[in-house]
Amino acid sequence: MPVLPVHVLVLGGTTEARRLAENLAAPAPGVPVRFQVTTSLAGRVASPRLPPGDVRVGGFGGPEGLAAWVREHGVDVLVDATHPFAATMSRNAAEAAARAHVPLLALRRPGWVAQDGDRWHAAGSLAEAAGLLPALGERVFLTTGRMGLAAFAGLDASWFLVRSVDAPEPPCPARMEVLLGRGPFDLRGERELIRRHRIDVLVTKDSGGDATAPKLTAAREAGIPVVVVRRPPVPEGVPVARTPDEAVRWVRKLYASG
């Protein structure tokens, strides 16, 4: 049993990671264990929303570097609460946890589920999504973030409305308008974007959650197709919590006898 407080390293950058840090940092009646929470942010967003507790920004240098940081800072539990599409970081976390011999939990919000009236087209990657577009529409609402726009750069016949938190970097589509914004987005606003820009196809990653889901409703109402990029799987053998509360229960259960 480690010396209290239990040090939890949260690989963050998501709403769920912030809520997990808040819940672990707050004392809970009847729970004898206290938690020291450190949240790690990749540093790709210029002005991130910071969680409570300690925060570090930047990479670790691969799984070896992460394992070394875990050992050096006395981390007792590792929680991968990164974006569902941060596949490299998730693989690094799994390898680092095995190297450092600490328990690992993946916190993943559930993916979206198609509703009656949806015209969804599944894609296994951004490149596959780009390949579907010429047959689906010409005016594209692209909501896959600022990374990976190179996959769409060769579609000269398409016009793109690209929404991201920070400005994208080249290579980018030749015909493109950038809309900077951070969710949550409301249905009224998403309807207006589709109408004003005459959008006839939406491209999104299956990020899940409520913050950006209204675009799916707006697309359904407008009768336009949606290309949904499937999320990568969680590394084999890693337990998964679907909500911050579920993750808190999992972490506390490790030390229930403490």
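Note: the structure precedes this text.
In this text the structure is predicted, and so the values were computed from the model without any measurement.

Procedures and definitions
Residue positions are counted from 1 within each chain, in the order its sequence is given. In keeping with the model being predicted, local features are shown solely for residues with a pLDDT of at least 70 and side-chain atom pairs are shown and tallied solely at 80 or more, while totals for entire chains, interfaces and linings include all residues. Only hydrogens and water are set aside; all other atoms, that is, all heavy atoms of the structure, feed into the side-chain values. Two strands are said to pair when DSSP picks up at least two bridges between them. To qualify as a helix, a DSSP run of H or I must reach at least 4 residues; to qualify as a strand, a run of E must reach at least 2; elements of each kind are numbered from the N terminus. Fitting a line to C-alpha atoms yields each axis, with helices limited to the stretch in contact; the angle taken between N-to-C directions then spans 0 to 180 degrees. Using a 1.4 Å probe on the protein chains alone, a residue whose accessible area is under 20% of its type maximum counts as buried, one over 50% counts as exposed, and one in between counts as partly exposed. For this analysis, a polar contact is any N or O atom pair within 3.5 Å, provided that within protein one partner can donate a hydrogen and the other can accept it, and provided that sequence-adjacent residues contribute only side-chain to side-chain pairs. Geometric relationships in this document are graded by angle, where less than 35 degrees denotes roughly parallel, more than 145 denotes roughly antiparallel, 65 to 115 denotes roughly perpendicular, and other angles denote oblique. Note: crossing handedness is left-handed where the near helix turns anticlockwise from the far helix by less than a right angle, and right-handed where it turns clockwise. Note on contacts: a residue pair qualifies if any of its non-hydrogen atoms lie within 4.5 Å across the two residues. Residues are grouped as follows: Ala, Val, Leu, Ile, Met, Phe, Trp, Tyr, Cys and Pro are nonpolar; Asp, Glu, Lys and Arg are charged; all remaining types, including Gly, are polar. Within this scheme, the nonpolar core is defined by two criteria: the residues are buried Ala, Val, Leu, Ile, Met, Phe, Trp, Tyr or Cys, and they are joined through side-chain atoms within 4.5 Å. Whether a crossover is right-handed depends on one test, that the path from the first strand over the helix to the second runs clockwise when the strands point away from the viewer.

One open sheet accounts for 6 strands, arranged E6-E11-E10-E7-E8-E9; its pairing is parallel. Two strands bound the open sheet, and with one partner strand each, they are strand E6 (120–123) and strand E9 (176–180). Sheet twist, expressed as the mean angle between neighbouring strand axes with direction ignored, is 20°. Where strand E7 (residues 139–143) and strand E10 (residues 201–205) come together, 4 bridges link them in parallel fashion. Paired with Leu 142 across the two strands is Val 203, which belongs to E10.

Before going further, it helps to spend a moment on the pairing of E7. Most of E7 is tucked away: 5 of the 5 residues are buried. Side-chain alternation along E7 places Arg 139, Phe 141 and Thr 143 on one buried face and Val 140 and Leu 142 on a second face that is also buried. Of the strand pairs in this sheet, E7 and strand E8 (residues 159–164) are connected by 4 bridges, and their pairing is parallel. Bridge assignment links Phe 141 to a residue of E8, and that residue is Leu 161.

This next bit is on the side chain of Arg 109. Note on placement: Arg 109 falls in the loop between strand E5 (104–107) and E6. On the basis of relative accessible area, Arg 109 is assigned to the buried category, the value being 15%. One polar contact links Arg 109 to Glu 16, side chain to side chain, over a distance of 2.9 Å.

What follows deals with the packing of helix H1 (residues 15–25) against helix H7 (residues 244–254). Two numbers describe how H1 lies on H7: the axes approach to 9 Å, and their chain directions differ by 45°. With respect to their mutual orientation, H1 and H7 come out oblique. Crossing geometry of H1 relative to H7 is assigned as right-handed. Contacts from Glu 16, Arg 19, Leu 20, Asn 23 and Leu 24 of H1 reach H7 at Pro 244, Asp 245, Ala 247, Val 248, Val 251 and Arg 252. For the contact of H1 with H7, the per-class residue count stands at 6 nonpolar, 1 polar and 4 charged.

What follows is about the nonpolar core. With 20 residues, the main nonpolar core has Val 8, Val 10, Leu 20, Leu 24, Phe 35 and Val 79 as its most contacted residues. Of all elements in the fold, only strand E1 (6–11), H1, strand E2 (35–41), strand E4 (77–80), E5 and H7 reach the threshold of two or more residues within this core. Here the element with the most residues in this core is H1; it accounts for 4 residues. When residues no more than four places from it in sequence are discounted, the contact partners of Val 79 are Val 8, Leu 9, Val 10, Leu 11, Leu 20, Leu 105, Leu 107 and Val 251. Grouped together as the second largest cluster of nonpolar side chains are 18 residues, Phe 85, Leu 126, Val 140 and Val 201 included.

Let us now look at the pairing of E10. The element E10 is extensively covered by neighbouring structure, given that 5 of its 5 residues are classed as buried. Burial along E10 is two-sided: Val 201, Val 203 and Lys 205 facing one way and Leu 202 and Thr 204 facing the other are all buried. With 4 bridges joining them, E10 and strand E11 (residues 226–229) adopt parallel strand pairing. Among the inter-strand pairings, Val 203 is bridged to a residue of E11, identified as Val 227. On the question of chirality, the crossover connecting E10 to the parallel E11 by way of helix H6 (residues 214–222) is right-handed.

Attention now goes to the sheet that holds strand E12 (residues 240–241). If you trace the 6 strands from one edge of the open sheet to the other, you get E3-E2-E1-E4-E5-E12, paired in parallel fashion. The open sheet has two edge strands, strand E3 (54–57) and E12, and neither has a second partner. Sheet topology note: the E1/E4 ladder contains 4 bridges and is parallel. Within the sheet, the bridge partner assigned to Val 8 lies in E4 and is Val 77. Along the sheet, helix H2 (residues 62–72) contacts E1, E2, E3 and E4; its crossing angle with E1, the most-contacted strand, is approximately 155°. Its contacts with the sheet place helix H3 (residues 87–100) against E1, E4 and E5, and it is angled at close to 165° to E4.

Within the secondary structure, Thr 82 is located in the loop between E4 and H3. For Thr 82, the side chain forms a polar contact with the side chain of Asp 80, separated by 2.6 Å. The residues touching Thr 82, leaving out its near neighbours within four places in the chain, are Leu 11, Gly 12, Thr 14, Met 89, Ser 90, Leu 107 and Arg 108.

Moving on to H2. Of all the positions in H2, only Pro 63, Gly 65, Leu 66, Ala 67, Trp 69 and Val 70 are classed as buried. Contacts from the buried residues of H2 go to E1, E2, E3, E4 and H3. Just beyond H2, the residue with positive phi is Gly 74, at close to 60°.

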